[in-house]
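# Descriptive analysis of the structure
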Amino acid sequence: MNRRIALLLNLILLAFCLGAIFLWPLIAGTIAFRQGSAEEIAQLLETHTEAETPFFTELAFSGEQLPYDASTSTFYLPLNMETEGWEGGELRSLVSDVTLLFEDDFMETDKQTAIENGTEFRFYAVRGDEYQVCSLVATGLPVISIETEAQTDAEVFGGSVYFWDNSTKVDWTSSNILEANIRGNTSRTYEKKGYKLYLKKQNRSGEIVEDKKSLFGLRGDDEWLLNAMYSDSSKIRDKLSSEIWQGIGASQEEFPEAYFGTRMTYVEVFFNHEYWGLYALMEPVDSKQLDRTKEGEAGQEEYSYKSVTPQEAPTDTLLNQETYGAELSGYELKGSHTVIDRSSWEALLSYLELRDLASDEEFAETASSLVDQEGALDIWIYLQAVLGIDNRGKNMYYVAKNRGNIQKIYFAPWDMDLTWGDALSEGTDGKLWNVGMNTSLYSERINWLFGDRLVELDVDGSRSYISERWKELREGVLSDENLTETIGELVHQVQDSGAAARDAKRWPDSNSDQDYELFERMALYRMNLLDYYFDGNLEEYMGLGYQ
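Heads up: these notes are all about the structure in this document. Computed from a predicted model, the values in this text were never measured in an experiment. (Residues numbered from 1 in each chain as written. Predicted model: local features only at pLDDT ≥ 70, side-chain atom pairs only at ≥ 80, totals over all residues. Heavy atoms only, no water.)

Quick look at the pattern of salt bridges now. Summed over the entire model, instances satisfying the criterion amount to 33 salt bridges. The shortest N-O distance in the salt bridge between Glu-223 and Lys-196 comes to 3.4 Å. Of the two residues, Glu-223 sits in strand S18 (residues 223-227) while Lys-196 sits in strand S14 (residues 194-202), which places them 27 residues apart along the sequence. Residue Glu-223 is classed as partly exposed on the basis of its relative accessible area, which comes to 22%. (Salt bridge = Lys/Arg side-chain N within 4 Å of Asp/Glu carboxyl O. Helix = DSSP H or I, 4+ residues; strand = E, 2+ residues; numbered from the N terminus. Buried < 20%, exposed > 50% of the residue type's maximum accessible area, 1.4 Å probe, protein only.)

As structure tokens, then:
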């Protein structure tokens, strides 16, 4: 018995010692790596030959292989840019016959400054009598790396995807089998593509199945969107607008499990070991997000419709189609459906008929029974605040949710890159589209048909609602203080992470170099302008209108 106890104690002691060996760098907050002296590096360069073909790709931190850009032999280490100290761990080669030699003790450099400046720390990978010149860059954002045999412009492709978290070094990496496709309408014409990702895994039976997982603080799911933000010079418009909508109308008390919008976080992306730029990883506005009752579930089936282009046909024409499929004049019916017919579109058609064909009297009497009227007014206020010119006739989800024996339409805005003064124009010099700030928008009304009609007819006291709701929002999510703070935080994320500069270098023809002081100044100007119009001057405001 004593021998067993002694053996058990020895095993515990051994486990403790091994744990201390591996965890000490993490606990101590130091990075273990081999630094060469000036003489040692000079001798290396004199006695070894630089490799004609790069051979080293497997740099690890804390035992996890890091993402890299093969063309420049640059490796990226995601770190928490909100903390001053360097995270602890060991930098080493995963290949036994390759040794590493760093030129400098980069830990003597301020971590946050190194991240912001994208400082490249040079090191040498040595194998036999040859060496490869490499660099290490610390980024302040999470990283996603896509690997596939397909070309970068393939519409649909498969492969693998890898994830690195920047906020922790405990369980900070993961991977998945990947199915993906290019996404977007106008945005798909740009050279930097957006993608939809489907995460898969192999189960114990060898089958490829969905793998629902939470990524970087967002919801747990197997479907994800990568927004390229190619045309947005600020890289903050979409996320800023998303966060503002979160504070206005994304959540509804009657549907506590639904979220009528999207959440997103910034990431840096690699594609086949090539740096691909700054992206926003987004939750899709799908059945799960909207907590939509689907076909076969208890209760009446609910529907969601996405407007992808401005409505192409008159509403009276849409009401009398011979057949109804998954698409209808610029709208898409979302989700999976065994049968698609007129009943699948009834909720949206009733909304369009009310919006366009009803008499003023019928509109005023019926609006609140077919549509979430307060939600519609919140959307109207929101579009005025963020200057959502691209969301008036498209980039909106219309969601038919059950309310007793009827279905009401709720709203979820989408794709908010053309906001805060940015506008689209026909391209020149071979470009399909040009996007730039149109400052004249800041003094205009953003016309949205349904909301405009509610206000013009003062349906159920819509004008009083706008006045009171605006005052409430100006004390909260749309206050000057909150806007300034939110804009500053988003600018911090894209700039101080080093990602905005890297993205601009990778995609020199994309929009970049936003004047953030101008952005903030114009945003506050817009709020103060709406203060005037919404405080007793709404009639004057309705006389304006951007076309």
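Structure shown, so let's carry the discussion forward.
Bringing the sheet that holds strand S3 (residues 59-61) into the picture now. Here we have four strands laid out as an open sheet, ordered S1-S7-S3-S4, and mixed in their pairing. Of all strands in the sheet, those bounded by a partner on one side alone are strand S1 (31-32) and strand S4 (64-65). Pairing analysis gives three bridges linking S3 to strand S7 (residues 89-93), with the strands arranged antiparallel. The residue bridging Phe-61 from the neighbouring strand is Leu-91, located in S7. (Pairing = 2+ DSSP bridges.)

Time to look at the packing of aromatic side chains. Under the criterion given, the structure shown has 46 aromatic pairs. Of the aromatic side chains, those joined through ring pairs into one cluster are Phe-33, Phe-56, Tyr-68, Phe-75, Trp-86, Phe-102, Phe-106, Phe-121 and Phe-123. Over the ring of Trp-172 we find Lys-169, and its NZ or CZ is 4.4 Å from the ring centre. Against the face of Phe-255 rests Lys-401, its NZ or CZ located 4.8 Å from the ring centre. (Phe/Tyr/Trp six-rings, centres within 6.5 Å; stacked < 30°, edge-to-face > 60°. Lys NZ or Arg CZ within 6 Å of the ring centre and 35° of its normal.)

In this section: helix H10 (residues 449-456). Within H10, six of the eight residues are buried, leaving the element largely enclosed by the surrounding structure. Taken residue by residue, H10 has Phe-450, Gly-451, Asp-452, Arg-453, Leu-454 and Val-455 as its buried positions. Along its buried surface, H10 packs onto helix H7 (342-356), helix H8 (360-370), helix H9 (373-386), helix H11 (462-474) and helix H15 (538-542). A positive phi of about 50° marks Asp-458, the residue just after H10. (Contact = heavy atoms within 4.5 Å.)

Right, let's get into the packing of H9 against helix H14 (residues 516-534). Interhelical geometry of H9 versus H14 gives an angle of 135° and a closest axis separation of 9 Å. Judged on the interaxial angle alone, H14 and H9 are oblique. The residues of H14 that touch H9, namely those facing Trp-380, Gln-384 and Ala-385, are Arg-526, Met-527, Leu-530 and Phe-534. Tallied by class, residues from the contact of H9 with H14 come to five nonpolar, one polar and one charged. (Axes fitted to C-alpha atoms, helices over the stretch in contact; angles between N-to-C directions. Parallel < 35°, antiparallel > 145°, perpendicular 65-115°, else oblique. Nonpolar A, V, L, I, M, F, W, Y, C, P; charged D, E, K, R; others polar.)

In this fold, Asn-405 is placed in the loop between strand S24 (396-403) and strand S25 (406-413). In sequence terms Asn-405 and Gln-300 are 105 residues apart; their C-alpha atoms lie 9.0 Å from each other.

This next bit is on the side chain of Asp-69. With respect to the helices and strands, the residue Asp-69 is situated in strand S5 (residues 68-69). For the buried Asp-69, which has no salt bridge, the nearest side chain bearing the opposite charge is Arg-506, at an N-O separation of 6.2 Å. One polar contact links Asp-69 to Thr-72, side chain to side chain, over a distance of 2.9 Å. Contact partners of Asp-69, with chain neighbours within four places excluded, come to Thr-74, Tyr-76, Phe-270, His-273, Glu-274 and Tyr-275. (Lys, Arg positive; Asp, Glu negative; His and termini not counted. Polar contact = N/O pair within 3.5 Å; in protein donor to acceptor, adjacent residues only side chain to side chain.)

Bringing helix H13 (residues 499-506) into the picture now. Those residues of H13 that fall on the buried side of the exposure criterion are Ala-499, Arg-502 and Asp-503. Each buried residue of H13 sits inside an arc of 100° when the element is viewed along its axis, so together they form one side. Exposed residues pointing more than 90 degrees away from the buried face of H13 are listed as Ala-501 and Lys-505. Its buried side turned inward, H13 meets strand S6 (74-78), strand S10 (130-139), strand S19 (264-271), strand S20 (275-282) and helix H12 (480-495). (Arc of directions from axis to C-beta.)

This brings us to the pairing of S14. Looking at chain direction, strand S13 (residues 173-183) and S14 are connected through seven bridges and run antiparallel. Looking at S14, one finds that Ala-180 is bridged to Leu-197. Two elements, S14 and S18, share four bridges in a ladder whose sense is antiparallel. Bridging across to S18, Lys-196 finds its partner in Leu-225. The sheet contact formed by S14 and strand S15 (residues 208-210) spans three bridges and is antiparallel. What sits directly across from Lys-200, in S15, is Glu-210. In sequence, S14 turns back onto S15 through a hairpin of five residues, with Gly-206 there showing a positive phi of about 90°.

Two measures define how a pair of helices packs: the angle their axes make with one another and the distance between the axes. Relative to each other, helix H4 (residues 237-246) and H9 sit at 145°, their axes nearing to 11 Å. Crossing of H4 over H9 shows right-handed handedness. Packed against H4, whose contacting residues are Ser-241, Ser-242, Ile-244 and Trp-245, the element H9 presents Asp-378, Ile-379, Tyr-382 and Val-386 at the interface. In terms of residue class, the contact of H4 with H9 is built from five nonpolar, two polar and one charged. (Left-handed = near helix turned anticlockwise from the far one by under 90°.)

This brings us to the pairing of S10. When you tally the buried positions in S10, you get eight out of ten residues, the bulk of the element. Sheet topology note: the strand S2 (residues 49-50)/S10 ladder contains two bridges and is parallel. Bridge pairing links Glu-50 to Tyr-131 in S10. Bridging between strand S9 (residues 120-127) and S10 involves eight bridges; their strand directions are antiparallel. Of the residues in S10, the one forming a bridge with Phe-123 is Cys-134.

The quantities given are spatial measurements derived from coordinates; they are silent on function.
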